Amino acid sequence: MKRVLVKKSASTTWRQRGGNLAGGKQPGGEVRFTLSGKRGRHPPGETLPEAALNAGVWIDSSCQQGVCGSCRVRLTGGAVDTEDAGGLAEDARAAGYVLACCSRPRGAVSAEA
Ligand code: FES
């Protein structure tokens, strides 16, 4: 079983480390979607759904603010910086799920989508 690191800390959020909407300070990298078998590259600061869309993969979403939970995906590798608004239960988080709408990959990642 792969270990997945999900970074969520109010004191070290992506924006606080200097990220902005035009691009953050995390490295870009490869993104793989294990259910569809598609892959692509993401630039720094891109969200997981943006990376997915660029790779031809659709991730369902609704609120785009980390509240509804409809964009929940499980990371199978790599790490993301995430700033959700409580739309993910602790047991789901512990199982490796993230809310894609507010998750920005740090380097190479893979997700079930
Ligand atoms: S779209 Fe609602 S939590 Fe992501």
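Please refer to the structure placed before this passage.
Residues numbered from 1 in each chain as written. Predicted model: local features only at pLDDT ≥ 70, side-chain atom pairs only at ≥ 80, totals over all residues.

K.L.:
Got a minute to help me understand the overall build of the protein chain in this structure?
P.N.:
Counting secondary structure elements, the protein chain contains two helices and six strands. When the helices and strands of the protein chain are placed in sequence order, the string is β-β-β-α-β-α-β-β. When contacts within the protein chain are restricted to residue pairs at least 6 apart in sequence, those whose partners lie at least 24 apart make up 56%. (Helix = DSSP H or I, 4+ residues; strand = E, 2+ residues; numbered from the N terminus. Contact = placed C-beta atoms within 7 Å.)

K.L.:
What is the right way to look at the nonpolar core in this model?
P.N.:
Soluble globular proteins: nonpolar side chains tend toward being buried together. Leu48, Ile59, Val73 and Ala100 are the most contacted members of the largest nonpolar core, which totals 21 residues. Contributing elements (two or more residues each) for this core: strand E2 (29–33), helix H1 (48–54), strand E4 (72–82), strand E5 (97–99) and strand E6 (103–111). Not counting residues within four places of it along the chain, the set of residues in contact with Leu48 comprises Ile59, Val73, Val80, Ala100, Ser103, Pro105 and Ala111. (Core = buried A, V, L, I, M, F, W, Y, C linked by C-beta atoms within 7 Å. Buried ≥ 20, exposed ≤ 12 C-beta atoms within 10 Å, placed from the backbone.)

K.L.:
Explain the pairing of E2 to me, please; I cannot follow it from the model alone.
P.N.:
Along a regular strand, successive side chains alternate from one face of the sheet to the other. Strand direction decides the pairing type here: E2 and strand E3 (residues 38–42), joined by five bridges, are antiparallel. Counterpart to Phe33 in the pairing with E3 is Lys38. Between the end of E2 and the start of E3, which pair antiparallel, lie four residues, with Gly37 showing a positive phi angle near 75 degrees. Examined bridge by bridge, E2 and E6 share three bridges and lie parallel to one another. Each bridged residue has a counterpart across the sheet, and for Val31 the counterpart in E6 is Val109. (Pairing = 2+ DSSP bridges.)

K.L.:
How do you make sense of the environment of Val80 when you look at a structure like this?
P.N.:
You can see Val80 is positioned in strand E4. For the pair Val80 and Thr47, spaced 33 residues apart in the sequence, the C-alpha separation amounts to 9.2 Å.

K.L.:
What am I meant to see in the pairing of E4 here?
P.N.:
Relative to E5, E4 runs antiparallel, the two sharing three bridges. Bridge pairing in E5 links Val73 to Val98. Note: E4 against E6, six bridges, orientation antiparallel. Residue pairing for E6: Asp81 is matched across the bridge by Arg104.

K.L.:
What is the right way to read the environment of Glu112 from this model?
P.N.:
Tracing the chain through its elements places Glu112 in the segment after E6. Expressed as a C-alpha distance, the spacing of Glu112 and Arg74, which sit 38 residues apart in the sequence, is 5.5 Å.

K.L.:
Please clarify how unusual backbone geometry should be interpreted in this entry.
P.N.:
Excluding glycine, a negative phi dihedral is what most residues carry, and trans is how most peptide bonds are arranged. Even without being glycine, Gln64 reaches a positive phi, approximately 60 degrees. Inspection of the secondary structure assignment puts Gln64 in the loop between H1 and E4.

K.L.:
What's the story with the environment of Thr82 in this structure? I'm lost.
P.N.:
Position of Thr82 among the secondary structure elements: in strand E4. Separated by 17 residues in the primary sequence, Thr82 and Leu99 have C-alpha atoms spaced 7.6 Å apart.

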